[in-house]
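The residues making up each chain are set out below.
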Amino acid sequence: MPHPIRRWAAPAIAAMLLVLAACSNGDAATPAATPAADQITTAYQLPENAYPESITADPRTGDIYASSFLTGAVYRAKPGASQAETFLPAGTDGRRTANGVKVDAAGRLWVIDHTAGVAVYDTGTRALRARFDEPATGNPFRNDLAITPDGSVYLTDSGRPVVYRIGPERIADAVAHGGHGGELQPYADLSTAKNPAAQAPMTLNGIAADTAGHYLLVVDMTNGDLYRVALGAQPAVRQVALRGGNALDGDGLELDADTLWIVHNKGNAVSRWHVTGDGANAELQHRVTDPALDIPTSIVHAGGRALVTVSQFDKNGPYGPGTPAPFRIVEINRL
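Before going into details, it helps to say that this report is about the structure given with it. (Residues numbered from 1 in each chain as written. Predicted model: local features only at pLDDT ≥ 70, side-chain atom pairs only at ≥ 80, totals over all residues. Heavy atoms only, no water.)

Quick notes on the pattern of salt bridges
Reasoning step 1: Under the definition given, this model contains 13 salt bridges.
Reasoning step 2: Across the pair K315 and D294 runs a salt bridge, and its minimum N-O distance is 3.0 Å. One end of the pair, K315, is in the loop between β25 (305-310) and β26 (328-332); the other, D294, is in the loop between β23 (281-289) and β24 (296-302), and 21 residues separate them in sequence.
Reasoning step 3: Taking the relative accessible area as the measure of exposure, K315 reaches 22% and is therefore partly exposed.
Reasoning step 4: Of the charged contacts, one joins E331 and R305 as a salt bridge, the two residues approaching to 3.6 Å between their closest N and O atoms. Of the two residues, E331 is situated in strand β26 and R305 in strand β25; the sequence distance between them amounts to 26 residues.
Reasoning step 5: Judged by relative accessible area, which is 25%, R305 ranks as partly exposed. (Salt bridge = Lys/Arg side-chain N within 4 Å of Asp/Glu carboxyl O. Helix = DSSP H or I, 4+ residues; strand = E, 2+ residues; numbered from the N terminus. Buried < 20%, exposed > 50% of the residue type's maximum accessible area, 1.4 Å probe, protein only.)

Thoughts on empty space enclosed by the protein
Where empty space is left in the structure can be found by rolling a water-sized probe over the atoms.
Reasoning step 1: For the structure shown, the criterion picks out one cavity of 30 Å³ or more.
Reasoning step 2: The space that makes up the largest cavity amounts to roughly 30 Å³.
Reasoning step 3: In terms of residue count, strand β8 (residues 117-122) provides more of the lining of the largest cavity than any other element does, three residues in total.
Reasoning step 4: Here the residues of the lining of the largest cavity sort into three nonpolar, one polar and three charged. (1 Å grid on protein atoms, 1.4 Å probe; cavity = no way out; pocket = protein on both sides within 12 Å on 5 of 7 lines; lining within 4 Å. Points joined across faces, edges and corners; volume = space filled by probe spheres on them. Nonpolar A, V, L, I, M, F, W, Y, C, P; charged D, E, K, R; others polar.)

Points about the nonpolar core
Reasoning step 1: Within the largest apolar cluster, 24 residues are counted, with the highest numbers of intra-cluster contacts made by Y44, L46, I64, L307 and I329.
Reasoning step 2: What I64 contacts, discounting residues up to four positions off in sequence, is Y44, I55, T56, A57, Y75, R76, A77, A302 and L307.
Reasoning step 3: Membership of the second largest hydrophobic core comes to 16 residues, among which are Y154, L190, M202 and I207. (Core = buried A, V, L, I, M, F, W, Y, C linked by side-chain atoms within 4.5 Å. Contact = heavy atoms within 4.5 Å.)

Here we look at unusual backbone geometry
Reasoning step 1: A positive phi is found at A257, a non-glycine position, where the angle reads about 55°.
Reasoning step 2: Although it is not a glycine, Q312 adopts a positive phi angle of roughly 55°.
Reasoning step 3: Inspection of the secondary structure assignment puts Q312 in the loop between β25 and β26.

A look at the sheet that holds strand β15 (residues 204-209)
Reasoning step 1: With antiparallel pairing, four strands are arranged side by side in an open sheet as β15-β16-β17-β18. Looking at strand neighbours, the two that pair on one side only are β15 and β18 (236-239), the edges of this open sheet. Across the sheet, the axes of successive neighbouring strands diverge by a mean angle of 25°, strand direction being ignored.
Reasoning step 2: Taken together, the four bridges between β15 and strand β16 (residues 215-220) define a ladder with antiparallel strand orientation. Following the sheet pairing, A209 is matched in β16 by L216. (Pairing = 2+ DSSP bridges. Axes fitted to C-alpha atoms, helices over the stretch in contact; angles between N-to-C directions.)

Focus: the sheet that holds strand β2 (residues 52-57)
Reasoning step 1: Within the open sheet, the four strands sit side by side as β2-β3-β4-β5. Their pairing is antiparallel. Across the chains shown, the open sheet's two edge strands, defined by having one partner strand only, are β2 and β5 (85-88). Looking at each pair of strands side by side, their axes are set apart by 30° on average, direction ignored.
Reasoning step 2: Relative to β5, strand β4 (residues 74-77) runs antiparallel, the two sharing three bridges. Looking at β5, one finds that V74 is bridged to L88.

Description of the environment of G252
Reasoning step 1: On the secondary structure map, G252 appears in strand β20 (residues 250-256).
Reasoning step 2: Judged by relative accessible area, G252 falls into the buried class, the value being 1%.
Reasoning step 3: Residues G252 and N265, spaced 13 residues apart in sequence, show a C-alpha to C-alpha distance of 8.6 Å.
Reasoning step 4: When neighbours within four sequence positions are excluded, G252 is seen to be in contact with D144, G206, W261, I262, V263, T297 and S298.

With respect to the pairing of β26
Reasoning step 1: Within β26, four of the five residues are buried, which leaves the element mostly enclosed by the surrounding structure.
Reasoning step 2: Pairing between strand β1 (residues 40-45) and β26: five bridges, direction antiparallel. Across the sheet, the residue bridging to Q45 is R328, located in β26.
Reasoning step 3: When β25 meets β26, the two strands line up antiparallel, connected through four bridges. What sits directly across from T309, in β26, is I329.

As for the layout of surface pockets
Reasoning step 1: Of the pockets and cavities examined, the largest pocket occupies roughly 880 Å³.
Reasoning step 2: Of all the secondary structure elements, the ones that give two or more residues to the lining of the largest pocket are β2, β6 (101-103), β10 (142-147), β15, β20, β24 and β25.
Reasoning step 3: No other element matches β24, which puts five residues into the lining of the largest pocket.
Reasoning step 4: Grouping the amino acids of the lining of the largest pocket by side-chain chemistry returns 21 nonpolar, nine polar and eight charged.

The structure is reproduced here in structure tokens:
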């Protein structure tokens, strides 16, 4: 998840978000018989210059939403459709870039603008319901978000090793008072548990919450590490023990029961892990690596399909020059 609009004028941020190397681990175990090949097919076509970053599904309707990192637009694809429509145009509420998106249980769409904070929209009326501003200091880079069963929203920061929390009471208060939610407040400092062997500063990216709402998993994309944040008044952070691979290039995460998916952007890969020990351990089960993924950034399972954004950030986007193919969201079988 790199810097979009001012990418040619912000080498420090671009350098921070470029990945150190591409991970090429295969499946954790080789079966006796050769499995069927992974198939990558187009699920939805996206508008020109979409450069999709994040993807989410509305659990009530099955609608799919994807953000545009380059313009700040948000697209919506209805079940059964092949083409996504523009849900929030570029420039909506002054937004010129969009990172993580998520639909909560109340049918509200959360959209991160790493230059400003996070905005909350009614998916029925498209009206802005609330807004929470990024901190004024500390070189923040709000990136991705997860929502727990109690309605709390947690956000990662790629510029600082912290996770922010917006509690349900604060959300309700903001909605009731004209949408003014105030400044985001840090909740957990992951640097306290940083891997001593890490070769680079932490660059937090994807985040996911377990089904019961007991913990978060957060990826450090530059070092390939995964961290567990136990939720509570005093959050506890520890490194997750990974077996069979690593989380290098880790971008979007998705967690369902004991299964974790990690999207590896510069690695052109998506991996599936089995999580044990209440989030303390994870073992690689399967990895799909294919140039057709062209820098994938996010994943969501909806309607029995694994849907992945194909960003093409290296095709005249924030990762470099080139000519992009038509933008799309793909489906990967066996994931």
